Amino acid sequence: MEVIDAAAQFPTVIFTSALVVALGFWLLVLLGRAGVRDFDADAPALARVFGGAPVAVAASVVTVSGWLINLAGMLVMERIGVTGFGAALARVMLLALAALAAWSVAHALARPLTKLFRHEPGPRQRDLANGAPFGPGSRRAGG
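The following refers to the structure shown.

Criteria and cut-off values
- Residues numbered from 1 in each chain as written.
- Predicted model: local features only at pLDDT ≥ 70, side-chain atom pairs only at ≥ 80, totals over all residues.
- Heavy atoms only, no water.
- Axes fitted to C-alpha atoms, helices over the stretch in contact; angles between N-to-C directions.
- Helix = DSSP H or I, 4+ residues; strand = E, 2+ residues; numbered from the N terminus.
- Left-handed = near helix turned anticlockwise from the far one by under 90°.
- Nonpolar A, V, L, I, M, F, W, Y, C, P; charged D, E, K, R; others polar.
- Core = buried A, V, L, I, M, F, W, Y, C linked by side-chain atoms within 4.5 Å.
- Buried < 20%, exposed > 50% of the residue type's maximum accessible area, 1.4 Å probe, protein only.
- Contact = heavy atoms within 4.5 Å.
- Salt bridge = Lys/Arg side-chain N within 4 Å of Asp/Glu carboxyl O.

Here the focus is the packing of helix α4 (residues 55-80) against helix α5 (residues 84-116). The angle between the axes and the distance between the axes are what describe a pair of packed helices. Direction vectors running N to C along α4 and α5 enclose 145°, while the axes themselves pass 7 Å from each other. Both α4 and α5 take part in a crossing whose hand is right-handed. Per-class residue counts for the contact of α4 with α5 are 19 nonpolar, four polar and one charged.

The biggest cluster of nonpolar side chains holds 15 residues, and the ones touching the most others in it are Phe-25, Val-29, Phe-50, Ala-106 and Leu-113. Residue assignment for this core shows that the elements contributing at least two residues are α2 (12-30), α4 and α5. Each residue touching Phe-50, except ones within four places of it in the same chain, is listed here: Ala-58, Trp-103, Ala-106, His-107, Ala-110 and Thr-114. Of all hydrophobic cores here, the second largest spans ten residues; its members include Trp-67, Leu-71, Met-74 and Leu-94.

Counting through the fold element by element, Asp-40 comes out in the loop between α2 and α3 (44-49). It is 5.6 Å that separates the C-alpha atoms of Asp-40 and Val-55, two residues lying 15 residues apart in sequence.

According to the stated counting rule, one finds two salt bridges in the structure shown. The shortest N-O distance in the salt bridge between Arg-79 and Glu-2 comes to 2.9 Å. Pair noted here: Arg-79 is in helix α4 and Glu-2 is in helix α1 (residues 2-7), with a separation of 77 residues, a long-range link. Overall, the relative accessible area of 36% leaves Glu-2 in the partly exposed class. Note that Arg-37 and Asp-40 form a salt bridge whose closest N and O atoms lie 2.7 Å from each other.

Read these as geometric descriptors, not functional statements.
Below you can see the structure in the form of structure tokens.
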């Protein structure tokens, strides 16, 4: 019950909701309704930051590691019994620390993740008019 309580409190609840979204995305990938690299074309700057690792994978690593850090911090704060203004300040600091640490973890894992997903096709280009994927040699509607 302690873990569920901690997962439902600020700041962990922010990462908990992001974790639910990430799990939903990976369920869609398993069902074949989404691809691992579907977000690469939508977030090219993040794709470059993570050195070619799929953006969805990097975002999932950030989410999971941030959630675990927040959860552990909240459990420690509950055991210590931090209350009042100190608890509010500690929670805000925990959110900032978890976000920074999670980004660092994802950045450190980017190179091994890139090697793991090397054989995946690159990001698909999309037709600006209707969002449908198109190849460089294909004809666009209306042009």
